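Each chain is listed here by its residues.
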Amino acid sequence: SVTQVVKSKTKFTPTKEDYQKVYNRIADLLDENGEYDDGSYGPVLVRLAWHSSGTYDKNDNTGGSNYATMRFDPEALHAANNGLNIARTIMEKVKKEFDWISYGDLWTLAGVVAIQEMQGPKIPWRAGRIDGFAKDATPDGRLPDATQGSDHLRNIFYRMGFNDQEIVALSGAHALGRCHTDRSGFEGPWTFSPTTFTNDYFKLLFDEKWVWKKWNGPKQLEDKKTKSLMMLPTDYVLTQDKSFKKFAKAYADNQEVFFQDFSKAFSKLLELGVPQSQFVSTEPWELKTTDEQQR
Ligand code: ZEM
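Predicted model only: the values in this text are computed from it and were never measured.

*Asks:* So what's going on with the packing of aromatic side chains? Which residues, and what values?
*Replies:* Centre distance and the angle of the planes are the two values used to describe a pair of aromatic rings. Tallied over the entire structure, the rule returns 20 aromatic pairs. Measuring from ring centre to ring centre gives 5.5 Å for Phe-197 and Phe-258, while their planes differ by 20 degrees; the resulting arrangement is stacked. Taken together, the positions of Phe-197 in the loop between β2 (188–189) and α7 (200–207) and Phe-258 in helix α10 (residues 255–270) put the pair 61 residues apart, joining distant regions of the chain. Here Phe-197 matches Phe-258 in class, with each residue buried. Site record: aromatic cluster; members linked through ring pairs are Phe-197, Tyr-201, Phe-202, Tyr-251, Phe-258, Phe-259, Phe-262 and Phe-266. Note that Lys-219 overlies the ring of Trp-212, its terminal NZ or CZ placed 4.4 Å from the centroid.

*Asks:* Can you explain the domain arrangement of the protein chain? Please cite residues and give values.
*Replies:* Splitting the protein chain by domain gives domain 1 (16–142 + 267–293) and domain 2 (150–259). Here domain 1 and domain 2 have C-alpha centroids that lie 22 Å from each other. Counting from both sides, the interface comprises 29 residues of domain 1 and, opposite them, 19 residues of domain 2. Counting the surface domain 1 buries against domain 2, the share from its top three residues, Asp-38, Met-118 and Lys-268, is 25%. Joining domain 1 to domain 2, the criterion identifies 2 salt bridges. Its salt-bridge partner being Arg-178, residue Asp-38 comes within 2.9 Å of it at the nearest N-O pair. Those elements giving two or more residues to the side of domain 1 that touches domain 2 turn out to be α2 (42–53) and α10. A per-element tally of the side of domain 1 that touches domain 2 places α2 first, with 5 residues.

*Asks:* A description of the site of the ligand should follow, citing residues and the corresponding values.
*Replies:* If you check the shell around the ligand, you find 25 residues, and the closest are His-174, Gly-177, Arg-178, His-180 and Ser-184. Measuring from a nitrogen atom of the ligand, one finds a side-chain N or O atom of Trp-50 at 3.2 Å. A distance of 2.6 Å is found between an oxygen atom of the ligand and a side-chain nitrogen or oxygen belonging to His-180. In a pocket analysis with a 2 Å cut-off to the grid points, the ligand is assigned to the largest pocket. Among the secondary structure elements, those contributing two or more residues to the shell around the ligand are α2, α5 (150–160), α6 (164–171) and β1 (178–179). Here the shell around the ligand takes 5 residues from α2, the largest share from any one element.

Scoring rules and cut-offs
- The numbering scheme is per chain: residues are counted from 1 as the chain's sequence reads.
- This being a predicted model, a pLDDT of at least 70 is required before a residue's local features are given, and a value of 80 or more before pairs of side-chain atoms are given or counted; all residues contribute to the totals for chains, interfaces and linings.
- Note that water and hydrogens are dropped before the side-chain values are worked out from all heavy atoms of the structure.
- Stacked, tilted and edge-to-face are the three classes applied to pairs of Phe, Tyr and Trp rings, where Trp contributes its six-membered ring and a pair requires centres within 6.5 Å; stacked means planes under 30 degrees apart, edge-to-face means over 60, and tilted covers the rest.
- Helix numbering and strand numbering both begin at the N terminus, where a helix is a DSSP run of H or I of at least 4 residues and a strand a DSSP run of E of at least 2.
- Per-residue accessibility, obtained with a 1.4 Å probe over protein chains only, is compared with the maximum for each type, and a residue is labelled buried under 20%, exposed over 50%, and partly exposed between these values.
- Here, over-ring charges are defined by two tests on the NZ atom of lysine or the CZ atom of arginine: distance to the ring centre within 6 Å, and angle to the ring normal within 35 degrees.
- Residue ranges assigned to each domain were obtained from an automatic or database domain assignment.
- Here, residues are in contact when the closest pair of their heavy atoms is within 4.5 Å.
- Note on definitions: buried area is the accessible-area loss of two parts on being combined, 1.4 Å probe, summed for both.
- For this analysis, a salt bridge means a side-chain nitrogen from Lys or Arg found within 4 Å of a carboxyl oxygen belonging to Asp or Glu.
- Near, as used in this document, describes a residue that has one of its heavy atoms within 4 Å of the molecule or strand being considered.
- Polar contact is the term for a pair of N or O atoms within 3.5 Å; when the atoms are in protein, one must be able to donate a hydrogen and the other to accept it, and sequence-neighboring residues count only if both atoms are side-chain atoms.
- Cavity and pocket criteria rest on a 1 Å grid covering protein atoms alone: a 1.4 Å probe that fits but cannot get out defines a cavity, protein on both sides within 12 Å along at least 5 of 7 lines defines an open pocket, and an atom within 4 Å of a point defines a lining residue.
- Molecule-in-pocket calls rest on the fraction of atoms, with more than half required to lie within 2 Å of the cavity or pocket grid points.

See the structure below:
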């Protein structure tokens, strides 16, 4: 007779506490390399979360954060994603330690960690994204082109399901990080504190005099006073278009209002393309910052 040995493998069901552990691991990685840029991987991780979500098209429900298709060529090689291999490589370390998390959850969670740890607002977040396949990857051209104007911004963001107020709020993420000539062709940071989340981007847009930079690179603006800050044409448009300007001014005047609106819009961005039925909880979670945990 044959004795059959049945190996029963119980599937690991992560809890909120498990995701908090992943959060903490990512938080520890943010400033492990003081040599990198302004001393933090936070900004490039926010950009990874954004580019992995902003491919969403509400018309056919393709793209978005669900399948983490930036893992695959040609999406990984789209010019818009230049430099994000750095962010994806850092996230591999976390994935090795927490192999049960999906890439979509990992990358969006990294965006949440980065914003919260860099003094930004709490970002409600839910788990449940699943890994997709190369066939789910999105075509090039779904992310915004910095050289264009308000019509383009609206076309791109309306396609994701955002309105003018949300476009402006999301653009405030440019308080963080910088442009790199070897990634986008543009150069420099938007603010004097690129690793702290503030409403300075909006303040500077209105308070500084912005002039076209004289150089061989793509069209960008520099602040007349110090010439050390930059704005993309799509940033400057927020002060020129009547509807955008109203929101940009409100965010320049009141950081609280900006934080609230950014939190809502960024949370929504990170859930684009994820079927509601996939989320493990109906109520989004607020994960604790490292400060709150006094680790
Ligand atoms: Zn960005 N972004 N972005 N962005 N972005 C860059 C960098 C960063 C646009 C854009 O072309 C560029 C949003 C919206 C838009 C961040 C977050 C968010 C760079 C520089 C460019 C060219 C890349 C480089 O050279 O490294 C355009 C046209 C946008 C339309 C409005 C939204 C929305 C974001 C998040 C909510 C962040 C954090 C960076 C900095 C990355 C870094 O490595 O420092």
